[in-house]
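Structural description and commentary
For reference, the chains in residue letters:
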Amino acid sequence: MSQAVRGVLFKQSVLCALLSLCACFLSISLGVSLFYGSVIVIVPNLIFVVVFFHRWRQRTRLAILISLYLGELIKLIFSGALAIFSVKLFSQHIPVGGLLLGMALAYIAFWAFAAGALFKIKRVGAVG
């Protein structure tokens, strides 16, 4: 796994944890629901990265492209299933809106940090 990918996942996790902690000052249940929403997105991201980067350099370009699309589809299905399960299980204890907001924040953080890492790689000209 490249250093850039690890950096993106680490930054995403830290930002989501900090936002959840800050939300706890407003309401404990809001902070917990933001955290659960973030975990619903971060865990499938981690699983996808570990599975995809296992021997990815030995694959052909077509195999890499197919595995990316298939992995992203599986990741989205897994995230959706986790979200539905969490809403069914925790809907009386945590705000569902906070859960969905945590999911949205985790996705936005992932794509923002990924775009930043891509910009940095292009600017420096090195792939890490």
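To keep things clear, this report deals only with the structure shown in the data block.

**Considerations on a nonpolar patch on the surface**
A contiguous nonpolar patch, built from Phe 35, Val 39, Val 43, Ile 47, Val 51 and Phe 78 and spanning about 480 Å² of accessible area, is present on the exposed surface. Its place among the elements puts Phe 78 in helix α3 (residues 61-90). Taking relative accessible area as the criterion, Phe 78 reaches 35% and is therefore assigned partly exposed.

**Overview of helix α4 (residues 96-124)**
Its 29 residues place the ends of α4 42 Å apart at the C-alpha level, agreeing with the 42 Å of an ideal helix rising 1.5 Å per residue. Along α4, the residues that are buried comprise Gly 98, Leu 99, Gly 102, Met 103, Ala 106, Ala 109, Phe 110 and Ala 117. As for α4, its buried residues are in contact with α1 (3-26), α2 (28-52) and α3.

**Concerning the state of the cysteines**
In the structure shown here, the tally under the stated rule is 0 disulfides. Of all cysteine sulfurs, the one in Cys 22 lies closest to Cys 16, which takes part in no disulfide; the gap is 12 Å. Relative accessible area serves as the criterion here: at 3%, Cys 16 is assigned to the buried category. Cysteine Cys 24 shares no disulfide, and the gap to the nearest cysteine sulfur, in Cys 22, comes to 9.0 Å. When its relative accessible area of 25% is taken as the criterion, Cys 24 is described as partly exposed.

**Concerning the packing of aromatic side chains**
Aromatic ring pairs are described here by two measures, namely the spacing of the ring centres and the angle between the planes. Tallying each qualifying case throughout the model produces 3 aromatic pairs. Ring geometry for Phe 35 and Tyr 36: centres 6.5 Å apart, planes at 45°, overall tilted. Taking the centre distance of 5.1 Å and the plane angle of 80° together, the rings of Phe 110 and Trp 111 count as edge-to-face. The exposed category is assigned to Trp 111, whose relative accessible area is 51%.

**So, the pattern of salt bridges**
Applying the stated criterion across every chain yields a total of 1 salt bridge. Between Glu 72 and Lys 75 there is a salt bridge whose closest N-O contact spans 3.2 Å. Highlighted residues: Glu 72 and Lys 75, both in helix α3, separated by 3 residues, approximately one helical turn. Among the residues examined, Lys 75 registers a relative accessible area of 5% and is labelled buried.

**Some remarks on the environment of Leu 18**
Summarising the element assignment, Leu 18 is placed in helix α1. Leu 18 gets classed as partly exposed once you look at its relative accessible area, which sits at 46%. Between the alpha carbons of Leu 18 and Lys 120 there is a distance of 24 Å; along the sequence they are 102 residues apart.

Rules used throughout
- Residues numbered from 1 in each chain as written.
- Predicted model: local features only at pLDDT ≥ 70, side-chain atom pairs only at ≥ 80, totals over all residues.
- Heavy atoms only, no water.
- Patch = residues over 30% accessible without salt bridge, like charges linked within 9 Å, V, L, I, M, F, W, Y side chains within 5 Å.
- Areas by Shrake-Rupley, 256 points an atom, 1.4 Å probe, with all protein chains shown as cover.
- Salt bridge = Lys/Arg side-chain N within 4 Å of Asp/Glu carboxyl O.
- Helix = DSSP H or I, 4+ residues; strand = E, 2+ residues; numbered from the N terminus.
- Buried < 20%, exposed > 50% of the residue type's maximum accessible area, 1.4 Å probe, protein only.
- Expected span 1.5 Å × (residues − 1).
- Contact = heavy atoms within 4.5 Å.
- Disulfide = S-S within 2.5 Å.
- Phe/Tyr/Trp six-rings, centres within 6.5 Å; stacked < 30°, edge-to-face > 60°.

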